[in-house]
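# Report on the structure
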Amino acid sequence: MASSLNKIMLIGNLGKDGETRFTATGSSVTSFSLATTYSFKNKDGNWVNETTWHNVMAWNASDYIKEKLKKGKKIYAEGRLSKRDYVDKDGIKRYMTEVVAEKIIPLDAAGQGEGGGEYESTREMLPEQNLDQDLSVADSDLPF
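A brief structural summary. Quantities reported herein were computed from a predicted structural model and do not represent experimental measurements.

Regarding its fold elements, the chain presents two helices and seven strands. Ordered by position from the N terminus, the helices and strands of the chain form the series β-β-β-β-α-β-β-α-β. Put simply, the chain has 144 residues, and 33% of those count as buried. Taken as a whole, the chain presents about 9500 Å² of accessible surface, with 48% of it coming from carbon and sulfur.

Here the focus is the pairing of strand β4 (residues 47–59). Pairing of strand β3 (residues 28–41) with β4 involves 13 bridges; the strand directions are antiparallel. In the strand pairing of β4, Val-29 is matched with Trp-59. If you look at the hairpin formed by β3 and β4, you'll find five residues sitting between the two strands, and Gly-45 has a positive phi there, around 85°. Here two bridges tie β4 to strand β6 (residues 93–106), and the two strands are oriented parallel to one another. Note that in β6 the partner of Val-56 across the bridge is Val-99.

Its volume calculated, the second largest pocket comes out at about 240 Å³. Lys-16, Glu-19, Arg-21, Ser-31 and Met-96 are, among the 13 residues lining the second largest pocket, the residues nearest its centre. For the lining of the second largest pocket, the secondary structure elements donating two or more residues are β2 (19–22), β3, β4, β5 (74–87) and β6. It is β3 that contributes the most residues to the lining of the second largest pocket, three residues altogether. Split by residue class, the lining of the second largest pocket holds four nonpolar, four polar and five charged.

Counting through the fold element by element, Ser-33 comes out in strand β3. Sequence-distant contacts of Ser-33, defined by excluding residues within four places in its chain, comprise Asn-13, Leu-14, Gly-15, Lys-16, Trp-53 and His-54.

Once that is clear, we can look at the pattern of salt bridges. The full count for this structure, using the stated rule, is six salt bridges. Residue Lys-7 is joined to Glu-102 by a salt bridge in which the shortest nitrogen-to-oxygen separation is 3.7 Å. Pair noted here: Lys-7 is in the segment before β1 (8–14) and Glu-102 is in strand β6, with a separation of 95 residues, a long-range link. Glu-102 sits in the partly exposed class, given a relative accessible area of 24%. We note a salt bridge from Lys-16 to Glu-19, for which the minimum N-O separation is 3.5 Å. On the basis of relative accessible area, Lys-16 is assigned to the partly exposed category, the value being 35%. If you follow the salt bridges from partner to partner, you end up with Lys-7, Glu-78, Arg-80 and Glu-102 in one network.

Rules and cut-offs
- Here, residues in each chain are numbered from 1, in the same order as that chain's written sequence.
- Under the rules for a predicted model, residues below a pLDDT of 70 receive no local features and side-chain atom pairs below 80 are neither given nor counted, while totals for whole chains, interfaces and linings still include all residues.
- Heavy atoms from the whole structure form the basis of all side-chain values; hydrogens and water molecules are not counted.
- Helix and strand assignments follow DSSP, with helices taken as H or I runs no shorter than four residues and strands as E runs no shorter than two, numbered in order from the N terminus.
- Buried, partly exposed and exposed residues are distinguished by accessible area as a fraction of the type maximum, computed with a 1.4 Å probe on protein chains only: under 20%, between the cut-offs, and over 50%, respectively.
- All accessibility values rest on the Shrake-Rupley procedure with a 1.4 Å probe; residue burial counts only the protein chains present in the view.
- Criterion used throughout: strands pair if DSSP finds at least two bridges between them.
- Space inside and on the surface of the protein is sampled on a 1 Å grid over the protein atoms alone, with a cavity defined as a set of points where a 1.4 Å probe fits but cannot get out and a pocket as an open set with protein on both sides within 12 Å along at least 5 of 7 lines; lining residues have an atom within 4 Å of a point.
- Grid points are joined across faces, edges and corners, and a volume is the space filled by probe spheres set on the points.
- Three residue categories are used. Nonpolar comprises Ala, Val, Leu, Ile, Met, Phe, Trp, Tyr, Cys and Pro, charged comprises Asp, Glu, Lys and Arg, and polar comprises the others, including Gly.
- Only heavy atoms matter for contacts: two residues are in contact if any of them lie within 4.5 Å across the pair.
- Only one rule defines a salt bridge in this text: a Lys or Arg side-chain nitrogen within 4 Å of an Asp or Glu carboxyl oxygen.

Okay, here's the thing in structure tokens:
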């Protein structure tokens, strides 16, 4: 049996407060954007910052995110990359890559002083994937 690994670890700042939606069975999924910055010297010797925006989603973490994480806060997010497609309201097929968070830790000193804590998902808390936009992947979409 072949093994594989799908793990991503990010440290960055929240671009917006989390937005929560609920599945038909009552599970919550909270989405937010996370900005990471890579700094390097260009050919002229000047420092350049390159920001990458990541779409992050966390299952059954709405209370934690609402209480602990606000726009601009620095966090550590760990999880896996997930790719999905959907048809938008105009009938155009769209593709999205996002981080499915399995652990979130606030890194700002203020966040840690307010009780700190962290969000960590469990297998029981992973998605049923019955949102307004279908998050499931058909077997025919798998590359193997």
